[in-house]
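Structural features, examined
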Amino acid sequence: MSHAWGYGTQDGPETWAESFPVANGPRQSPIDIVPTQAQHDPSLKHLKLKYDPATAKGILNNGHSFQVDFTDDDNSSTLAGGPVTGIYRLRQFHFHWGSSDDKGSEHTVAGTKFPCELHLVHWNTKYPNFGEAASKPDGLAVVGVFLKGRQTTFSNFDPKTLLPAALDFWTYEGSLTTPPLLESVTWIVLKDQVSVSPAQMAKFRSLLFTSEGEAPSCMVDNFRPPQPLKGRKVRASFK
Ligand code: B30
Ligand code: ZN
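Numbering of residues begins from 1 in every chain and follows the order in which that chain's sequence is written. Throughout, the order in which chains and ligands are written sets their labels, letters from A for the former and numbers from 1 for the latter. Local features in a predicted model are, by the rule used here, given only for residues with pLDDT of at least 70; side-chain atom pairs are given and counted only at 80 or more, and totals for whole chains, interfaces and linings are based on all residues. Side-chain metrics rest on all non-hydrogen atoms present in the structure, leaving aside hydrogens and water.

This brings us to the nonpolar core. The nonpolar core is taken to be a set of buried Ala, Val, Leu, Ile, Met, Phe, Trp, Tyr and Cys residues, with the residues joined through side-chain atoms within 4.5 Å. Per-residue accessibility, obtained with a 1.4 Å probe over protein chains only, is compared with the maximum for each type, and a residue is labelled buried under 20%, exposed over 50%, and partly exposed between these values. Counting residues in each nonpolar core, the largest one holds 32 residues, and the members touching the most others are Leu-79, Phe-95 and Trp-97. Secondary structure is summarised from DSSP: a helix means a run of H or I of at least four residues, a strand means a run of E of at least two, and numbering begins at the N terminus for each. Breaking this core down by element, the ones donating at least two residues are strand E3 (47–50), strand E5 (66–70), strand E7 (88–97), strand E9 (116–124), strand E10 (140–149), strand E12 (185–190), strand E13 (194–196) and helix H3 (198–206). The greatest single-element share of this core, amounting to five residues, is contributed by E7.

As structure tokens, then:
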């Protein structure tokens with residue numbers, strides 16, 4: 001599918017507010033996470049992620065990333081615990097990455113950028129479907145995982161294989177990081193990074209933003225930079 005927005009100079013993050021004024025809203029994402037400013041919250045539950053690889057439907061280049069979609073008509077693949085109440089169903093996961101290893105993540109940690117960031121997107125089952133949930137303040141929960149290039153194997157589509165061993169996280173109230181930038185996301189950003197091989201990063205960077213017949217443009221630097229915190233508190237699940 002194609003969009004009126006993108007990541008270029010003419011249609012990139014600096015221009016999104018013209019069509020999506022919430023771009024300047026009170027709870028926009030991503031943010032720079034400053035660990036020394038985050039407050040450990042002992043009341044945060046441990047994060048429960050249950051993923052059934054059989055629910056993976058297919059893979060799609062959506063013109064701004066690639067995403068893997070999941071069937072979400074039952075609770076086969078879910079997120080619970082952490083900062084959220086109730087059960088959230090996995091809808092899709094996708095990535096944001098850079099043209100080189102010195103950038104690419106959306107969230108940053110004390111200013112540090114990572115080469116890639118995975119987003120596992122879930123919706124609150126107190127709403128009837130993803131579309132309804134996407135406009136509610138507690139409608140979505142996205143788990144963010146930083147990826148760095150390292151010699152390793154990057155196996156299959158079981159989302160669990162995309163996660164670090166420990167699930168220590170930071171959490172804050174934010175938004176979608178692409179238009180429509182809806183302020184409906186409880187962000188759960190994992191502290192530990194996952195390694196991907198340089199060959200895998202090269203494959204990400206060889207995807208195209210463009211459709212057939214257009215002048216090819218590599219899909220790189222598809223990230224929004226950190227947005228103002230505007231008084232929000234970031235909580236940490238760990239000391
Ligand atoms: S993110 O995790 O904050 N980067 C959406 C979900 C998660 C994030 C950003 C956006 C989302 O659901 N957007 C609306 C649906 N999209 C999805 C698509 O298939 O391709 C349509 C759209 O934007 O208008 Cu692109
Ligand atoms: Zn994303």
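Quick look at the coordination of the copper atom of ligand 1 now. Listed donor atoms are N, O and S within 2.8 Å of the metal (Na, K and Ca: 3.2 Å). As water is not included, a site may look incomplete. At 2.2 to 2.6 Å from the copper atom of ligand 1 lie its protein donor atoms, namely His-3 (NE2) and His-64 (NE2). Donor angles set the geometry label: tetrahedral for four donors if every angle is between 85 and 135 degrees, square planar for four and octahedral for six if opposite donors exceed 155 degrees and the others are between 65 and 115, irregular for anything else. In this structure, the copper atom of ligand 1 is surrounded by four donor atoms whose angles at the metal cover 77 to 134 degrees, and the resulting shape is irregular. With His-3 in the segment before helix H1 (16–19) and His-64 in the loop between strand E4 (56–61) and E5, the pair connects residues that are 61 residues apart, well separated along the chain. For His-3, a relative accessible area of 29% corresponds to the partly exposed category. Owing to a relative accessible area of 14%, His-64 belongs among the buried residues under this scheme.

Now for the site of ligand 1. For this purpose, a residue is taken to be near a molecule or strand whenever a single non-hydrogen atom of the residue falls within 4 Å of it. Around ligand 1 sit 18 residues in total, of which His-3, His-64, Phe-130, Thr-177 and Thr-178 are the nearest. The term polar contact refers here to a pair of N or O atoms within 3.5 Å; inside protein, the definition further demands a hydrogen-donor-capable atom paired with an acceptor-capable atom, and it admits residues adjacent in sequence only when both atoms are side-chain atoms. Contact distances for ligand 1 include 3.4 Å between an oxygen atom and a side-chain N or O atom of His-119. Grid points spaced at 1 Å and placed over the protein atoms alone form the basis of the search, with a cavity being a set where a 1.4 Å probe fits but cannot get out and a pocket an open set showing protein on both sides within 12 Å along at least five of seven lines. Lining residues have an atom within 4 Å of a point. To be counted as sitting in a cavity or pocket, a molecule needs more than half of its atoms within 2 Å of that site's grid points. When each cavity is represented as a set of grid points, ligand 1 is found to reside in the largest pocket. Of all the secondary structure elements, the ones that give two or more residues to the shell around ligand 1 are E7 and E9. No other element matches the three residues that E7 contributes to the shell around ligand 1. For the shell around ligand 1, a count of residues per class yields eight nonpolar, ten polar and no charged. Polar here means any residue other than Ala, Val, Leu, Ile, Met, Phe, Trp, Tyr, Cys and Pro, which are nonpolar, and Asp, Glu, Lys and Arg, which are charged; Gly is therefore polar.

Let us look at the layout of surface pockets. Computed from the structure, the largest pocket encloses a volume of approximately 540 Å³. The wall of the largest pocket is formed by 28 residues, among which His-64, Gln-67, Gln-92, Leu-176 and Thr-178 lie closest to the centre. At four residues, E7 tops the list of elements feeding residues into the lining of the largest pocket. Class assignment for the residues of the lining of the largest pocket results in 15 nonpolar, eleven polar and two charged. Grid points are joined across faces, edges and corners, and a volume is the space filled by probe spheres set on the points. Computed from the structure, the second largest pocket encloses a volume of approximately 370 Å³. Taken together, 17 residues line the second largest pocket, and the ones lying closest to its centre are Ser-2, Gly-63, Phe-209, Thr-210 and Glu-214. Split by residue class, the lining of the second largest pocket holds five nonpolar, ten polar and two charged.

Turning to the coordination of the zinc ion (ligand 2), a few remarks are in order. Around the zinc ion (ligand 2), the protein contributes the donor atoms His-94 (NE2), His-96 (NE2) and His-119 (ND1), at 2.0 Å from the metal centre. Considering all four donor atoms around the zinc ion (ligand 2), the spread of angles at the metal, 100 to 115 degrees, places the coordination shape in the tetrahedral class. Between consecutive donor residues of the zinc ion (ligand 2), the sequence gaps follow H-x1-H-x22-H. With His-96 in strand E7 and His-119 in strand E9, the pair connects residues that are 23 residues apart, well separated along the chain.

Residue Pro-30 follows Ser-29 across a cis peptide bond; omega there is 0 degrees. Positionally, Pro-30 belongs in the loop between H1 and strand E1 (32–33). A cis geometry characterises the amide bond from Pro-179 onward to Pro-180, with omega recorded as 10 degrees. A positive phi is found at Leu-181, a non-glycine position, where the angle reads about 55 degrees. With respect to the helices, strands and loops of the structure, Leu-181 is situated in the loop between strand E11 (169–174) and E12. Classification of Leu-181 as buried rests on a relative accessible area of 0%. In this model, Asp-221 sits at a positive phi of 55 degrees, which is unusual for a non-glycine residue.

Geometry only, nothing functional implied.
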